[in-house]
Amino acid sequence: MSHIRLTAAQALVRFLAAQWTEIDGARLPLFAGVWAIFGHGNVAGLGEALYGLQDRLPTFRAHNEQGMAHAAIAYAKAQNRRRMMACTTSIGPGALNMVTAAALAHVNRLPVLFLPGDVFASRRPDPVLQQVEDFGDATVSANDCFRPVSRFYDRLQRPEQLLAALPRALQVLTDPADCGPVTLAFCQDVQAEAFDYPESFFAERLWVPRRARADRGELRAATDLLKQAKTPLIIAGGGVHYSGATADLKAFAEAHLIPVAETQAGKSALPYDHPLNLGAIGVTGTSAANGAAERADVILSVGTRLQDFTTGSWALFKQPGRKIIGLNTQVFDAGKHFAQPLVADAREGLAELTTALAGYAAPDAWTRPLAEAKTAWAAEAEAVTRDPKANSLPTDAQVIGAVQRTGTPQDIVVCAAGGLPGELHKLWNAAEPGGYHLEYGFSCMGYEIAGGLGVKLARPDREVIVMVGDGSYLMMNSELATAVMLGLKLTLVVLDNRGFGCINRLQKGTGGAPFNNLLQDTRHETLPEIDFRAHAESLGAKAVKVASLAELEDALRAARQDHRTNVIVIDTDPQISTQAGGHWWDVAVPEVSPRAEVQAAHRTYAEKLGTQTLGA
Ligand SMILES: Cc1ncc(C[n+]2csc(CCOP(=O)(O)OP(=O)(O)O)c2C)c(N)n1
Ligand SMILES: [Mg+2]
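In what follows, the accompanying structure is described.

Taking 1.5 Å per residue, 14 residues should reach 20 Å; helix 24 (residues 596-609) reaches 20 Å between its end C-alpha atoms and fits that length. Taken as a whole, helix 24 has its buried residues at V598, A601, H602 and Y605. Projected down its long axis, helix 24 shows its buried positions confined to an angular sector of 105°, all on one face. In helix 24, those exposed residues whose orientation departs by more than 90 degrees from the buried face are A596, R603 and E607. Each element contacted by the buried residues of helix 24 is listed here: helix 21 (501-509).

Right, dumping it as structure tokens:
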């Protein structure tokens, strides 16, 4: 066996560049590149290695480690997990800046390879700059914070350890069920240490996702349930996209005439105007989908985690004796809440189910009124997204209407936190799979701009429109400068309602006094007048502030013709959100309070708790 002498960092980089994927018959590198912010913990080791392999594995420089990790995660999501990126940082602060993003990837089941630098394995210079010292445990380092938010974690303390750690890392990153963040904490001295690696370790490898078929017993049980169903409903989650099963879902729904409702991650699985697509489900759902969910006797949930926003905190499904079938690659999700598990890839599972269900169609008495409910919802959605009366600030819904009116079906809208995700879930008309990119597993403020950058890297041919609130913009905007630097065009619509509008509304909804959310309700000497236009311009974007929805539409049309990153700022009303549709959400209200409003809210809360169908 021939060997090659490389540093551990060189070996790692060479290994990553040898991993391949296949998308629509095209063979592509599995890793599209590495985001890097260097410090003493990685500049000499990984920095030198990345420099040497730039033609095969490009390195991208960002401004904030969390931001670059968001970009990497968004990239993987936009690629339906078929391609991914790595992120390397120095030790200590640089590394820990990625922990929130690791959690985001963990929650959303998205692949990303984290390579934070770590302390010297040899301990020679202890404590090295930025080393966290534990008085009682010398094996603890800052990177231990990644453990609970990584699907696979290892600390590389010997160069030959790569031979075990990297294949395992790749298994996890490419596994449809286990998929999530992998952290390989890379000791600084080990990065630079040489070892004679077998040449075969760097042989090219093609990763084709496993498509698990259903267990026969589970398939029989799921089929028996569906065959009896009088009022069945499909919930489409993100797994439909990751499995590449959108066409299969459409064929399945049409074959058996089962209506479909979509989660945040699942939205755009079916075109919005497909007759069987009832739209968004749950807390931010449409009246059509939620009406169906209330009466559904068998719920086929496909590729969803069933988080509280989807299940209306388990108060949405009201049909006595209703059953859930959990079609999921991951057994953890498939059996949640006493569901009948159907552990399988979405595409394979639907194919097997449709064969077993041959001849079954949901009763006409169930589906016909749902078509009417869909039409009624469309009219409500149209009303709230229309232009406002003169002299009033536009609502989020009306801004969404303007973006939608000037858009094309190929656009990708990106969002994550604030009032917008709920409004978008209800109101955005997603025409094509992948046109709706919402990070709503972690709903992390600050994902939006950096995430948009990752989406644009994955889909350079499509217009990427980032919708972001003033709060999220201020929390993390530095990757706007990266987008400008890389010539990756984004169009940002910044909705400035001068504070945390959605939390202020939630606070009032739970009986609280307006406090510490809108800027006007905070402790301040001076009420901030933040000039988002000037700020965005200072980062290199073309920026404009518009005074009306008509001006917004003009600016959006102009931005579409422009090759540069455009930022369009608009003042919006912080108090108004769409009342149509929606569902109760379990947010714990204080049991005792001197405030009469809180006492009243708690009485309502106690009643609502009684509507949760726990243990069923
Ligand atoms: C990192 C992070 N911190 C806090 C929260 C809780 N949170 C959710 S939305 C929100 C306010 C968002 O403000 P903005 O972006 O202006 O949107 P708006 O609510 O005004 O629509 C907060 C604080 C969060 N989701 N993420
Ligand atoms: Mg705001």
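A few words now on the sheet that holds strand 14 (residues 277-280). The six strands lie next to each other as 14-13-12-15-16-17, forming an open sheet whose pairing is parallel. Each of the sheet's edge strands pairs with one partner strand only, and the pair in question is strand 14 and strand 17 (340-343). Along the sheet, successive strands turn relative to each other by an average axial angle of 20°, direction set aside. Where strand 12 (residues 233-236) lies against strand 13 (residues 260-262), three bridges are found, and the strand directions are parallel. From the neighbouring strand, A236 faces strand 13, where its bridge partner is E262. Sitting on the sheet, helix 11 (residues 287-295) touches strand 12, strand 13 and strand 14, and the angle it makes with strand 14 is about 105°.

Position of Q131 relative to the elements: it lies in the loop between strand 7 (112-118) and strand 8 (152-156). A polar contact of 3.4 Å, which involves the side chain of Q131, links it to the side chain of D126. Setting aside its immediate chain neighbours within four residues, Q131 contacts I91, V119 and D126.

It is worth spelling out the packing of aromatic side chains at this point. Within this structure, the stated rule accounts for 12 aromatic pairs. Pairing W314 with F317 gives two aromatic rings, centres 6.0 Å apart and planes at 65°, and the pair type is edge-to-face. In textbook terms, an aromatic cluster arises when at least three aromatic residues are bridged by ring pairs, as seen for F15, F195, Y197, F201 and F202. A cation over a ring is seen here: R27 above W20, with NZ or CZ 4.8 Å from the ring centre. The positively charged end of R168 is found above the aromatic ring belonging to F152, 5.6 Å away from the centroid.

Let us now look at the sheet that holds strand 11 (residues 205-207). Taking strand neighbours across the sheet as the criterion, the three strands line up as 3-2-11 in an open arrangement whose pairing is mixed. The open sheet terminates on both sides in strands that have one partner only, identified here as strand 3 (26-29) and strand 11. Each neighbouring strand pair of the sheet contributes to a mean axis angle of 40°, computed without reference to strand direction. Inspection of the sheet shows strand 2 (residues 19-23) paired to strand 3 by four bridges, in the antiparallel sense. Considered in strand 3, the bridge of W20 is made with P29.

On to unusual backbone geometry, then. Here the residue pair D126 and P127 is connected by a cis peptide bond, since its omega of -10° sits within 30 degrees of zero. If you trace the backbone, P127 turns up in the loop between strand 7 and strand 8.

This next bit is on the coordination of the magnesium ion (ligand 2). Any two of four tetrahedral donors ideally make an angle of 109.5 degrees at the metal, while pairs among six octahedral donors ideally make 90 or 180 degrees. Binding of the magnesium ion (ligand 2) to the protein goes through D470 (OD), N497 (OD1) and G499 (O), at separations of 2.0 to 2.1 Å. Mapped onto the polypeptide sequence, the residues donating to the magnesium ion (ligand 2) form the spacing pattern D-x26-N-x1-G. In this pair, D470 is assigned in helix 19 (residues 470-475) and G499 in the loop between strand 21 (491-496) and helix 21, connecting sequence segments 29 residues apart. The pair formed by D470 and G499 is uniform in burial state, with each residue classed as buried.

Around ligand 1, the surrounding shell holds 15 residues, and the nearest of these are S443, D470, G471, G501 and C502. A distance of 2.7 Å separates an oxygen atom of ligand 1 from a polar atom in the backbone of G471. For ligand 1, the accessible surface in isolation is 590 Å², of which the surrounding protein chains cover 77%. Residue assignment for the shell around ligand 1 shows that the elements contributing at least two residues are helix 19 and helix 21. With four residues, helix 19 is the single largest residue contributor to the shell around ligand 1. Looking at side-chain class alone, the shell around ligand 1 contains five nonpolar, nine polar and one charged residues.

The rules we used
Residues numbered from 1 in each chain as written. Chains lettered and ligands numbered in written order. Predicted model: local features only at pLDDT ≥ 70, side-chain atom pairs only at ≥ 80, totals over all residues. Heavy atoms only, no water. Helix = DSSP H or I, 4+ residues; strand = E, 2+ residues; numbered from the N terminus. Expected span 1.5 Å × (residues − 1). Buried < 20%, exposed > 50% of the residue type's maximum accessible area, 1.4 Å probe, protein only. Arc of directions from axis to C-beta. Contact = heavy atoms within 4.5 Å. Pairing = 2+ DSSP bridges. Axes fitted to C-alpha atoms, helices over the stretch in contact; angles between N-to-C directions. Polar contact = N/O pair within 3.5 Å; in protein donor to acceptor, adjacent residues only side chain to side chain. Phe/Tyr/Trp six-rings, centres within 6.5 Å; stacked < 30°, edge-to-face > 60°. Lys NZ or Arg CZ within 6 Å of the ring centre and 35° of its normal. Donors = N, O, S within 2.8 Å, 3.2 Å for Na, K, Ca; no water. Near = heavy atom within 4 Å. Areas by Shrake-Rupley, 256 points an atom, 1.4 Å probe, with all protein chains shown as cover. Nonpolar A, V, L, I, M, F, W, Y, C, P; charged D, E, K, R; others polar.

No statement about biological role is implied by the geometric values presented.
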